[in-house]
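Here's the letter readout for the chains.
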Amino acid sequence: MNLKIREGIANDYIDIKNLVIEVHNLHVKNRPDVYLDVDNPFEKERFEELLNSSDTKLFVVEDTDSKELVVYSIVQIMTPRKIQILIPSKFAYIDDFCVKSIYQKKGIGRLLFNHVVDYAKTEGASSIQLTVWEFNENAIKFYESLGMSTRNRRMELNL
């Protein structure tokens, strides 16, 4: 398999939408109290917004032999609001990261993550942050294997 990391383009919509559906179905299954079971969780308008955003990058890994997209990530460079007690910082927020299930555990996700790290450094980010659901143990293990650690915890009490 020959892999190429690149920025997403308009023609990638269907492939990325299919990856989003795969992740969305996992979320619907595990958190039906949060996620609606919809046919298309990634509208084309949202995709086009991402492609045209100045502070967000959509990266993909393409198998150049089959022209199949096997991994994608949405990364936004963020500066938190200015609060007197917090040290000003700039960070890269991974809004989405998905490895097609049949390609997991082959090092391809790690390849894209390392690319995101390099991108974040060139943008002057001091860290990379993301949110992961507690039920998603495979993702948590993956991120921990890349050196990530828990920064804080968002908790809930269902009423």
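Below is a summary of the structure that appears in this document. (Residues numbered from 1 in each chain as written. Predicted model: local features only at pLDDT ≥ 70, side-chain atom pairs only at ≥ 80, totals over all residues. Heavy atoms only, no water.)

This next bit is on the nonpolar core. Core analysis: the biggest nonpolar cluster contains 23 residues, and Val71 and Phe97 have the highest contact counts within it. Breaking this core down by element, the ones donating at least two residues are β2 (56–63), β3 (68–78), β4 (91–99), α3 (108–122) and α4 (137–145). Per element, the largest residue contribution to this core is six residues, and it comes from α3. (Core = buried A, V, L, I, M, F, W, Y, C linked by side-chain atoms within 4.5 Å. Buried < 20%, exposed > 50% of the residue type's maximum accessible area, 1.4 Å probe, protein only. Helix = DSSP H or I, 4+ residues; strand = E, 2+ residues; numbered from the N terminus.)

Strand order in this open sheet of five strands is β1-β2-β3-β4-β5, and the pairing throughout is mixed. Here the strands that pair on one side only, and so sit at the sheet edges, are β1 (3–7) and β5 (127–130). Going from strand to strand, the sheet's axes swing by 25° on average, the running direction of each strand aside. By the bridge criterion, eight bridges tie β3 to β4 in an arrangement that is antiparallel. Pairing of Ser73 across the sheet is with Phe97, part of β4. Set on the sheet, helix α1 (residues 13–30) makes contact with β2, β3 and β4; between it and β3 the angle comes to about 80°. (Pairing = 2+ DSSP bridges. Axes fitted to C-alpha atoms, helices over the stretch in contact; angles between N-to-C directions. Contact = heavy atoms within 4.5 Å.)

Take the side chain of Asp63 next. Within the element layout of this structure, Asp63 appears in strand β2. No salt bridge is formed by the buried Asp63; the nearest opposite charge belongs to Lys67, separated by 8.2 Å. Ignoring anything within four residues of it in the chain, the contact list for Asp63 reads Met1, Asn2, Leu3 and Glu68. (Lys, Arg positive; Asp, Glu negative; His and termini not counted. Salt bridge = Lys/Arg side-chain N within 4 Å of Asp/Glu carboxyl O.)

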